[in-house]
Structure formats: structure tokens, C-alpha cells
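Understanding the architecture of this molecule
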Amino acid sequence: MQVTRRQALGLSAGAVALVAFGPGLNAARADAAATDKSLMEFTGGKAPATGRITLNAPEIAENGNTVPISVSVESDMTDASYVESVVVLAEGNPNPSVATFHFTPMSGEASATTRMRLAGTQNVIAIAKMNDGSVFMDKKLVKVTIGGCGG
Amino acid sequence: MSRKLILAAATAAVVSVGGALVASADPVDEELVIDGEIPMVIRTKAPEGHPFDEVLSGWLFRTPETRSLEEDTFTNPGMLYVERGEEIWNTVEGEAGKSCASCHGDAAETMAGVAAAYPKWDADAERPINVELQIDKCRENNMKAEPYKFDAPEQRALTTFLKHQSLGKPVQVDLSQGDMQSWWDQGKEVYYTRTGQLNLSCASCHEENNGKYIRADHLSQGNVNGFPTYRLKQGNMVLLHSRFRGCIRDTRAEFPAPFSDELMALEVYTTWRGTGLSVETPAVRQ
Amino acid sequence: MATPKPRVKVPKSASAGEVITIKTLISHNMESGQRKDKDGNVIPRQIINKFSCEFNGKPVFGCDIAPAISANPYFEFSAKVMESGSFTFTWVDDNGETYSHEQAIEVK
């Protein structure tokens, strides 16, 4: 069988479309679903409000293997009112879990900094749970650049 | 016009045509002071015969997050390897029952500034040697211990520790010793020779295109004053000859053996290109 | 690397009620379980899975850790100190080992 140039182009365009939309979409859905599941487990099914929590992450990470992130939550951090925990999730990693920070009034401030791995450009999500059960969320898109020089 | 003003003008011009990429490809205009105490020379007048007027540390080409990791010896993960290197320094090994410290004592005193002058001429070997080979020479001759396998974790840690004893000292290779000048010549030839399927030389990227992006990577001048370097990609210390091999592999060429004549000549030449820059070991790079 | 080694930075002294910053780092590869060796076999996961900080035996800060935390895990957090005492830092390895470090602080 002879394949004309036009046919070949059509075939490869189809293949490209499949790669771009088929598995890509499914994968994205699976990640979002897994992230949602982790989120809901943490909040006990509650939808988090915005505000009070700030997630700091670079807009562009030079290397996805070591991305500095920090979270801070507004709170008096007294026995009556404090932040219990903050969970950090990454939507586009093989597994969304990154870390769960646990605070007590002895923490003084509900803030933490660490370094994380990102498999590619994706949303990083931080959700804070207060001792009264209320939950707050912040989200940052981090672009992970693919270097020209692996070295 | 000051550098800051020029940068501001350039930024304004670029933003006005709607693309910030070109401006952000410039190295930053920042100072590097380790722990707020040890000022680093990260730009300096190039030595005579250098193609540039000014040589720049790779630190200036990195993002704010990567730069800040190096500014604080506590947050710098490379310091873990300095500490490991110190343990090795004090550990007895080999048939002679000696450690490095048995002869050299406190490295903070005896090794201060020493590694900034490597590679240097070795009359016994009749070739230049770097810190890694100097360590092996000591191990074999004085400790009666095996030389390290290339890239062994102990080699990385001890080399990092020794280079760190020169933190902030200017890089200065002595080309007047032995045949250093001819090794420099040979290294220069390696630097400018295009190789591999991509037909690239060191100069193609680090001389002709530094400051620009290669895909998403910001090309530096390729100075080696921070080696061994903590690379975020590996999450580990990377020896200079590993980095050479990585660069050469990326040109899709066969890469020479570590410490081969070719790479040792390249080390002599590239180290000279960064003359006057501070030793930054352990530098932090992407 | 050799046995994981912790590094901790705590101020030597503070005033009562002051909120201090603590920085911790430990040498560890944090093998994610996602990588394969040359023969295509999965390299088994081995990470630090838990970190905690206590002051005079009471919890100050803790962290459950997934493989998405980078090699040589770094944590920076705060503590409110009311009296002199000692911080205990503990890292738990997947292999069952724990690594700990103590650091005293004087409250004036």
C-alpha cells in the first residue's frame, strides 16, 4: 500500500490529537479527582473558604526537584483559637500528597517553609484547618521549566 | 549611565513592545554576601587575553529562590556535604593508619585558600592535577589507601569540604608552573572545538549566547568557581568533570573519561576564565 | 550518603513569650519510589515520613511527609517560648530508624 504525503500528514495529525486530548484529559481528570478526594478527606467534606491562608511559591521554578514553598495562616494561636493543621497538595504529581503540617498554640505562628518536588507545571494547593473545624484554601500555579541542559 | 539605569531603560523598552523574555534574560545586578558576613566577588574584570571585559558568576543567572539558597549556609543543602567531608577528613583509613588530619591538622587553618589555586602543576605526574586527584595522591602515597572511584560520595564530600575552605577567596591558577601554559592552550582548543551531533562547542553556548535562554535554561558564562556545586536537579553535589560530561553529552558527542587529558586541560582553561571570582563552593545551581 | 545527619538552627536565647524561627535540615535521598534503576526495576521508596519538634516534651510542630518532599528535607517553622528548656527534633525513616537532635534555649 502506498501512503501519500497527505495521508501521512492526516495520520500523524490524528495521532497528535489523540495524544493531546485523549489520555491527556483523562490523566488531568484523574489527578483532579485524586486531589479532590485528598482535600475532602482533610476537610471532612467541607468546601474550604478563601482567605486567612497564604501559600507562597515561585511563579516559575528553575527545577521541579527542589521548589521552595511556604504557608502562613492568620491566627491568634491561643488555646481558644489556633490552626490545627495545613495540608499541601500538588494536582499534577503522581500522588497529590506533599505534606501535612501540624501546629499547636506553642507554634506561636502558623507558618512553615519546605522544599518540594513538582512533576511539571501545575497547581499547588494549601488548605488550613482551624481548631473550630473551619477550613481555608489558597492555590498557586507553579510553572516548571524544562531545562535545555540536563547536565 | 549606571548599570541600574540602563537595566531600567532596557526593561521599559522591552515591556513596551510586549515581551518580557528578553529583559529577564539579563543576569541580575545583585550582591552575594554569605550569611551577611562573607562578601563574594561575583563580577570582576576579566584577565588579560579573555574574550569578555567582565566575568560573571553563574549565581547572577539564577532565579531569586535559587540565589537565596546559597546566601545562607544553613539553608544551603551543599553544607551537608561539607560536614560529611569534615568527618572524612578526620577518619583514619588505609594501611598507614592516618587520616587527612593526621598530617594536615585543622583544615580551617591549613587548607584556607589552598583549593582556590587548583588545578595546579604536579611535577611527579607531569600534568596538572585538581583537588580530586590531589586527594587521591595523598590517599595512595601517604595513607596507603585506595584512590576514590570517580564520583564516589566520599570523593564528592571531601572535595566539597576542601574547596569550601577557600570560600570567598579569588580563583587564581598559576600558569607559570611546569607546562601549565601548554595545558591552557590545549584546554582553549577543547573549549572552541565544536563536537557532537549538535555541533556545539563550549563557546557556542557560554561565550556567544550567555545571558540568553536555551529552551527554558538561562545560559551563564560557564564559570566553574562554584564546583563542586549543589544542583537542584540531582539534589546532590556535582563534580566539575561530571558537569563537563553532562554538557558534552548534551551536544550528543561521546564524552571523554573523567580526569582525562582533554577534561583536565578544559578544567585548567575554564578555571582561568573565571580568574578573580570567589570560590563559592558549595554553590547552588538549577 | 552515610547515616542521615540532622542540622538545626535555634536561637541560643530569647525573651519570654517571643516567637522564634527554627530551621531544620537532614541529609536524606528521599527515594520517591517513582524511579527505576538501569534494569527497569522500581527503586523502592525510602523517605523520611515524619518530622516532629517538641519543647520540654510538649508538641510544637509536626509534619507528615510524602515522597513529594525534596531530597535533604528542609523545614522552617516558629515556636513560642515561655521558659528555658530544650527542643527535641525527631525524624522517622521508612526503614524504621529515627534520628533525633536536642537543642537548649535560654529564656531571659
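Scanning chain C from N- to C-terminus turns up 0 helices and 8 strands. Its helices and strands in sequence order give chain C the pattern β-β-β-β-β-β-β-β, from N to C terminus. If one aligns the C-alpha atoms of chain C with their principal axes, the spans along those axes are about 60 × 20 × 20 Å. Taking all 108 residues of chain C together, 44% fall into the buried category. Of the contacts made within chain C by residues no fewer than 6 positions apart, 58% connect residues no fewer than 24 positions apart. Within the structure as shown, chain C displays about 5100 Å² of accessible surface, and the carbon and sulfur contribution to it stands at 47%. Each charge class in chain C was averaged separately, 13 positive and 13 negative side chains, and the resulting centres sit 6 Å apart.

This paragraph deals with the interface of chain A and chain B. Counting residues at the interface gives 15 residues for chain A, matched by 22 residues for chain B. Taken over both partners, the interface formed by chain A and chain B buries close to 1600 Å², and the fraction arising from carbon and sulfur atoms is 50%. Across the chain A-chain B interface, the total number found is 1 salt bridge. Notably, a salt bridge pairs B:Arg62 with A:Glu62, separated by 2.4 Å at the nearest N-O pair. In this assembly, chain A and chain B are joined by 7 residue pairs in polar contact (both at pLDDT 80 or more).

Right, let's talk about the sheet that holds strand β11 (residues 284–285) of chain B for a bit. Residue and element names in this part refer to chain B. Pairing in this open sheet of 3 strands is mixed, and the strands run β10-β9-β11 from one edge to the other. Edge positions in the open sheet fall to β10 (236–238) and β11, since each of these has one partner strand only. Across 2 bridges, the pairing between strand β9 (residues 229–231) and β11 is parallel. Within β11, the position partnered with Tyr230 by the bridge is Val284.

Once that is clear, we can look at helix α9 (residues 180–192) of chain B. All names here are of chain B. The end-to-end C-alpha separation of α9 is 18 Å, in line with the 18 Å expected for 13 residues at 1.5 Å each. Regarding α9, the residues found buried are Met180, Trp183, Trp184, Gly187, Val190 and Tyr191. Seen end-on, α9 carries its buried residues on one side only, within an arc spanning 120°. Contact partners of the buried residues in α9: β5 (120–122), β6 (127–129), α10 (202–206) and α12 (261–273).

The rules behind the values
- Residues numbered from 1 in each chain as written.
- Chains lettered and ligands numbered in written order.
- Predicted model: local features only at pLDDT ≥ 70, side-chain atom pairs only at ≥ 80, totals over all residues.
- Heavy atoms only, no water.
- Helix = DSSP H or I, 4+ residues; strand = E, 2+ residues; numbered from the N terminus.
- Buried < 20%, exposed > 50% of the residue type's maximum accessible area, 1.4 Å probe, protein only.
- Contact = heavy atoms within 4.5 Å.
- Areas by Shrake-Rupley, 256 points an atom, 1.4 Å probe, with all protein chains shown as cover.
- Lys, Arg positive; Asp, Glu negative; His and termini not counted.
- Charge placed at Lys NZ, Arg CZ, Asp CG, Glu CD.
- Buried area = accessible area lost by both parts, 1.4 Å probe.
- Salt bridge = Lys/Arg side-chain N within 4 Å of Asp/Glu carboxyl O.
- Polar contact = N/O pair within 3.5 Å; in protein donor to acceptor, adjacent residues only side chain to side chain.
- Pairing = 2+ DSSP bridges.
- Expected span 1.5 Å × (residues − 1).
- Arc of directions from axis to C-beta.

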